[in-house]
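Analysis of the macromolecular model
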Amino acid sequence: MTAIAPIKSSLHHNAYVCRDLEAVRQFYEEVIGFPLVATWAERTDLFGKVRTYAHCFFDLGDASCLAFFQFADEEDAKEFGPELQPSGFRHLAMKVDQPTQDAINERLEKAGYFESGQAYPLNHGYCWSTYCFDPAGLLIEFT
């Protein structure tokens, strides 16, 4: 077996489909603190059909992004998402320092995420994590 030479790479973005880009923008910019760094709309032939969609990119602080797509046509939205099967094991985990986690927790508290059950802390024994659902249904962990 031939060894594969390691490649130099980094995450550019992780993409999700949503139904309300404005709610997603408010959550990531105003509650979490990830700035919106790019947004645009496209009309292009994808998978045998012309589709119209918008997408936004939120900077994670290391030159990588979370990207969210919203389709103009309801049938396209049904075909590509955003319904995620709820699972505590299917999530995006972000490594943050303690002051950042504390600030995120304060903003989640102020925005009502803990009270509504959309956010919760979890002691893993070796670290504390805050989990919360974004408006697109994505479970995101700050640890």
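Everything in this summary refers to the structure shown in the same document.

About the criteria used
- Residues numbered from 1 in each chain as written.
- Predicted model: local features only at pLDDT ≥ 70, side-chain atom pairs only at ≥ 80, totals over all residues.
- Heavy atoms only, no water.
- Axes fitted to C-alpha atoms, helices over the stretch in contact; angles between N-to-C directions.
- Helix = DSSP H or I, 4+ residues; strand = E, 2+ residues; numbered from the N terminus.
- Parallel < 35°, antiparallel > 145°, perpendicular 65-115°, else oblique.
- Contact = heavy atoms within 4.5 Å.
- Nonpolar A, V, L, I, M, F, W, Y, C, P; charged D, E, K, R; others polar.
- Expected span 1.5 Å × (residues − 1).
- Buried < 20%, exposed > 50% of the residue type's maximum accessible area, 1.4 Å probe, protein only.
- Arc of directions from axis to C-beta.
- Pairing = 2+ DSSP bridges.

Some points on the packing of helix 1 (residues 21-32) against helix 3 (residues 98-110)
- Following both chains from N to C, one finds helix 1 and helix 3 inclined at 120°, their axes separated by 9 Å at the closest point. What the angle tells us is that helix 1 and helix 3 run oblique. Mapping the contact onto sequence places Phe27, Glu30, Val31 and Ile32 in helix 1 and Ile104, Arg107 and Leu108 in helix 3.
- Each residue belonging to the contact of helix 1 with helix 3 can be placed in one class, and the counts come to 5 nonpolar, no polar and 2 charged.

Some thoughts on helix 3
- End to end, helix 3 covers 18 Å across 13 residues, agreeing with the expected 18 Å (1.5 Å per residue, within 8%).
- Listed in full, the buried residues belonging to helix 3 are Gln101, Ile104 and Leu108. Down the axis of helix 3, the smallest arc covering the buried residues is 65°, so these residues share one side. Within helix 3, the exposed residues directed more than 90 degrees away from the buried face are Pro99, Glu106 and Lys110.
- Structurally, helix 3 contributes buried residues whose contacts are with helix 1, strand 6 (119-123), strand 7 (128-133) and strand 8 (139-142).

Looking at the sheet that holds strand 6
- If you walk across this open sheet you meet the 4 strands as 5-8-7-6, and the pairing is mixed. In the strand order of this sheet, the two ends are held by strand 5 (92-94) and strand 6, each with one partner. Shown here is a sheet whose adjacent strand axes are inclined to one another by a mean of 25°, direction ignored.
- Relative to strand 8, strand 7 runs antiparallel, the two sharing 4 bridges. Directly across from Tyr131, in strand 8, lies its bridge partner Glu141.
- In this fold helix 3 packs onto strand 6, strand 7 and strand 8, with an angle of close to 40° to the strand it touches most, strand 7.

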